[in-house]
Amino acid sequence: MPVLRTLRWGNTMEIRGKAAVITGAASGIGKAAAQELARQGIKMLALVDLSDELNNVTNTLSEEHPESNIKSFQGDTTDATFRSSVFESILKEHGPVNICIPAAGITRDALSVKLKKDRPRAKIYPVENFRQVVEVNLIAPIYWALEMVAQMAEYRATEESSRWDPTEGTQGVVVFIGSVSSQGNKGQLSYAATKGGLEGAAATLMKEAIFYGVRCAVLHPGFTDTPMVRALGDEYINSHVLPATQIGRLIRPEEIADAIAFLIRNSAVSGQLWADAGWHPMPT
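Rules behind the numbers
Residues numbered from 1 in each chain as written. Predicted model: local features only at pLDDT ≥ 70, side-chain atom pairs only at ≥ 80, totals over all residues. Heavy atoms only, no water. Helix = DSSP H or I, 4+ residues; strand = E, 2+ residues; numbered from the N terminus. Rg over C-alpha atoms; globule rule 2.2 N^0.38 Å. Buried < 20%, exposed > 50% of the residue type's maximum accessible area, 1.4 Å probe, protein only. Contact = heavy atoms within 4.5 Å. Phe/Tyr/Trp six-rings, centres within 6.5 Å; stacked < 30°, edge-to-face > 60°. Pairing = 2+ DSSP bridges. Axes fitted to C-alpha atoms, helices over the stretch in contact; angles between N-to-C directions. 1 Å grid on protein atoms, 1.4 Å probe; cavity = no way out; pocket = protein on both sides within 12 Å on 5 of 7 lines; lining within 4 Å. Points joined across faces, edges and corners; volume = space filled by probe spheres on them. Nonpolar A, V, L, I, M, F, W, Y, C, P; charged D, E, K, R; others polar. Parallel < 35°, antiparallel > 145°, perpendicular 65-115°, else oblique. Left-handed = near helix turned anticlockwise from the far one by under 90°. Core = buried A, V, L, I, M, F, W, Y, C linked by side-chain atoms within 4.5 Å.

1. Some words on the overall build of the protein
Of the regular secondary structure elements, the protein holds eight helices and nine strands. Its C-alpha radius of gyration of 19 Å places the protein within 12% of the 19 Å reference for a compact globule of 284 residues. Here the C-alpha coordinates of the protein stretch approximately 70 × 35 × 35 Å along the principal axes. By residue count, 50% of the 284 residues in the protein fall in the buried class. At a minimum sequence separation of 6, the contacts of the protein that also span at least 24 residues come to 78%.

2. Some details on the packing of aromatic side chains
Under the definition given, this model contains four aromatic pairs. Ring geometry for Phe 82 and Trp 144: centres 6.2 Å apart, planes at 70 degrees, overall edge-to-face. Here Trp 144 lies in helix H4 (residues 127-158) and Phe 82 lies in helix H3 (residues 80-93), a separation of 62 residues in the sequence. Trp 144 matches Phe 82 in its accessibility class, with the two residues each being buried. Geometrically, the ring pair formed by Tyr 125 and Phe 130 is edge-to-face, given 6.1 Å between the ring centres and 85 degrees between the ring planes.

3. Re the pairing of strand S1 (residues 19-23)
Most of S1 sits out of view: five of its five residues are buried. Covered by surrounding structure in S1 are Ala 19, Val 21 and Thr 23 together with Ala 20 and Ile 22, the residues of both alternating faces. When S1 meets strand S2 (residues 44-49), the two strands line up parallel, connected through five bridges. Looking across to S2, one finds that Ala 20 is bridged to Leu 45. Relative to strand S4 (residues 99-102), S1 is paired through four bridges, and the arrangement is parallel. Directly across from Ala 20, in S4, lies its bridge partner Ile 99.

4. What about the sheet that holds S2?
Across the sheet, seven strands lie side by side as S3-S2-S1-S4-S7-S8-S9; this open sheet has parallel pairing. Single-partner strands in this sheet number two, and they are strand S3 (69-74) and strand S9 (271-275). Along the sheet, successive strands turn relative to each other by an average axial angle of 15 degrees, direction set aside. Note that S2 and S3 share six bridges and pair parallel. From the neighbouring strand, Val 48 faces S3, where its bridge partner is Phe 73. Relative to the sheet, helix H5 (residues 189-209) contacts strand S7 (172-177), strand S8 (214-221) and S9, its axis offset from that of S8 by approximately 165 degrees.

5. Here's the deal with the layout of surface pockets
Taken as a whole, the second largest pocket spans an internal volume of roughly 200 Å³. Together, Ala 110, Leu 111, Lys 114, Lys 116, Arg 119, Arg 121, Lys 123, Ile 124, Tyr 125 and Pro 126 line the second largest pocket. Here the residues of the lining of the second largest pocket are counted per class, giving five nonpolar, no polar and five charged.

6. Things to note about the packing of H4 against H5
Between H4 and H5, the least distance of the axes is 9 Å, while the angle of their chain directions is 20 degrees. As summarised for this structure, H4 and H5 are arranged roughly parallel, according to the angle between their axes. The hand of the H4/H5 crossing is right-handed. Contact residues: Phe 130, Val 133, Val 134, Asn 137, Leu 138, Pro 141, Ile 142, Ala 145, Leu 146 and Val 149 in H4; Leu 189, Ser 190, Tyr 191, Ala 193, Thr 194, Lys 195, Gly 197, Leu 198, Ala 201, Leu 205 and Ala 209 in H5. Residues belonging to the contact of H4 with H5 are distributed by class as follows: 16 nonpolar, four polar and one charged.

7. Observations regarding the nonpolar core
Residues Leu 37, Leu 45, Leu 47, Ile 101, Val 175, Ile 260 and Ile 264 are the most contacted members of the largest nonpolar core, which totals 36 residues. Counting residues per element, the ones that place at least two in this core are S1, helix H1 (28-39), S2, helix H2 (53-64), S4, S7, S8 and helix H8 (253-265). Ignoring anything within four residues of it in the chain, the contact list for Leu 45 reads Ala 20, Ile 22, Ala 34, Leu 37, Asn 69, Ile 70 and Lys 71. Counting 31 residues, the second-largest nonpolar core is a separate cluster that includes Phe 87, Val 97, Phe 176 and Val 218.

By themselves these figures say nothing about function.
Here it is in structure tokens:
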């Protein structure tokens, strides 16, 4: 197993030679982030997703970047046993995980309260949908991050260097994937609540995790050309998204991946970064 001194990154974080975990890696922002980290010379890359497409993404990246050890872990990100097994696998082969990008997410969009003209009773957003979105978009990302911090803490303890010193350089980075919807977006009560929740989680975890040399940040993408956004339909995108986006188009996933890499590399950056392409909610 590598000794701790191999993890020292100095003032500028280098992605090359490190180990990363990305959830939601089979498509969208997670897939783009995987491509970007592989391009920048990541040593070990664990790609996590529930979709069968994950193996195709892993095989393609492995062929394009044979210098990187890229592995797929297909499973449910809300499963604690599965989560632990991913981190244990990386620890055995490489050492502690340095980069965690918990990008897996879902939407269950609907109006919070809807009253049909022909019915006297209003329909309230289903609580089971809210709970599902919270599990996937808020609780799971936080616990993937905690798994990484805990692994780093245990590893440092074995080296008798639990408390981090700034001269070591940052040891790890968590990049949560928020959303411009955290500012509020019609029809996205549960989704917006979870993305807003990541802000508080990151701010709190940063204060705790830096004890072990781990930084935390939240990237808030605008409407990005992903399957989740495309599922909204062309009519909605053309009528409600593009007119409110200053660049007049959907953001490309690789643009978000570049912002993620920036957050990883630059030790001075923490808190929230908005990659929103100038999007603002339209008046209702």
